[in-house]
Amino acid sequence: MAPLTTGGLFAGKLLEGSEHSDHIKYTMAFKFALSILDWLIPIDYAPQQSDYINRRQPGTGQWFLDSAEFRAWVDTEKQMPFCPGISGRERRC
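Caption draft 1: Geometry of the overall build of the protein chain. Secondary structure assignment for the protein chain yields four helices and two strands. Along its sequence from the N terminus, the protein chain presents helices and strands in the succession β-β-α-α-α-α. Total accessible area on the protein chain is roughly 8700 Å²; 62% of this is exposed by carbon and sulfur atoms.

Set out below in structure tokens:
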């Protein structure tokens, strides 16, 4: 096994030379992309989502999940929900 000084550890795997360099480049690019998203969309939706989840009543939407149409869709391979609406607007499918 190569010494740690020639690479680094990633998820318990020893990374060598260029593989280690590629991982560092990917990580830096990912962090940069996240910083741009944070600048463009500074809203933290986690508290809002948590509030919605906490206000959910037991059995909400169960009629839909139990419907024959939904069950048929779930049991069919390679299906995607169709959510019509104005582009860029929040939609709930």
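So, next bit.
Caption draft 2: Region of interest: the packing of aromatic side chains. Under the definition given, this model contains four aromatic pairs. For the pair Tyr26 and Phe30, a centre-to-centre distance of 6.2 Å together with 20 degrees between the ring planes defines the contact as stacked. Separated by four residues within a single helix, Tyr26 and Phe30 lie in helix α1 (residues 17-40), roughly one turn from each other. Measuring from centroid to centroid gives 5.8 Å for Trp63 and Phe64, while their planes differ by 70 degrees, and the two rings are edge-to-face. With relative accessibility at 67%, the residue Trp63 sits in the exposed group. Of the residues examined, Phe64 reaches a relative accessible area of 38% and is grouped as partly exposed. Taken together through their ring pairs, the aromatic side chains of Trp63, Phe64, Phe70 and Trp73 make up a single cluster.

Caption draft 3: The arrangement of the pattern of salt bridges in detail. Applying the stated criterion to the full structure yields one salt bridge. The partner of Arg55 in a salt bridge is Asp51, with the nearest N and O atoms 3.3 Å apart. Pair noted here: Arg55 and Asp51 are both in helix α2 (residues 46-55), with a separation of four residues, about one helical turn.

Caption draft 4: Structural detail: a nonpolar patch on the surface. Together, Tyr26, Phe30, Phe32, Leu34, Ile36, Leu37, Trp39, Leu40, Ile41, Ile43 and Tyr45 line one region of the surface with nonpolar side chains, adding up to about 1200 Å² of accessible area. With respect to the helices and strands, the residue Leu37 is situated in helix α1.

Caption draft 5: Main features of the confidence of the model for the protein chain. Averaged over all residues, the pLDDT of the protein chain is 77; the fraction at 70 or higher stands at 72%. Per-element averaging of pLDDT across the protein chain places strand β1 (residues 7-10) at the bottom with 48 and helix α3 (residues 62-66) at the top with 93. Low confidence marks residues 1-7, where pLDDT is under 50. Its contacts with residues over four positions away, or in another chain, come to ten contacts.

Caption draft 6: Main features of the environment of Phe70. Secondary-structure assignment places Phe70 in helix α4 (residues 68-75). Phe70 gets classed as buried once you look at its relative accessible area, which sits at 16%. Among all residues touching Phe70, those that are not within four sequence positions of it are Phe64 and Leu65.

How each quantity is defined
- Residues numbered from 1 in each chain as written.
- Predicted model: local features only at pLDDT ≥ 70, side-chain atom pairs only at ≥ 80, totals over all residues.
- Heavy atoms only, no water.
- Helix = DSSP H or I, 4+ residues; strand = E, 2+ residues; numbered from the N terminus.
- Areas by Shrake-Rupley, 256 points an atom, 1.4 Å probe, with all protein chains shown as cover.
- Phe/Tyr/Trp six-rings, centres within 6.5 Å; stacked < 30°, edge-to-face > 60°.
- Buried < 20%, exposed > 50% of the residue type's maximum accessible area, 1.4 Å probe, protein only.
- Salt bridge = Lys/Arg side-chain N within 4 Å of Asp/Glu carboxyl O.
- Patch = residues over 30% accessible without salt bridge, like charges linked within 9 Å, V, L, I, M, F, W, Y side chains within 5 Å.
- pLDDT = per-residue confidence, 0-100.
- Contact = heavy atoms within 4.5 Å.

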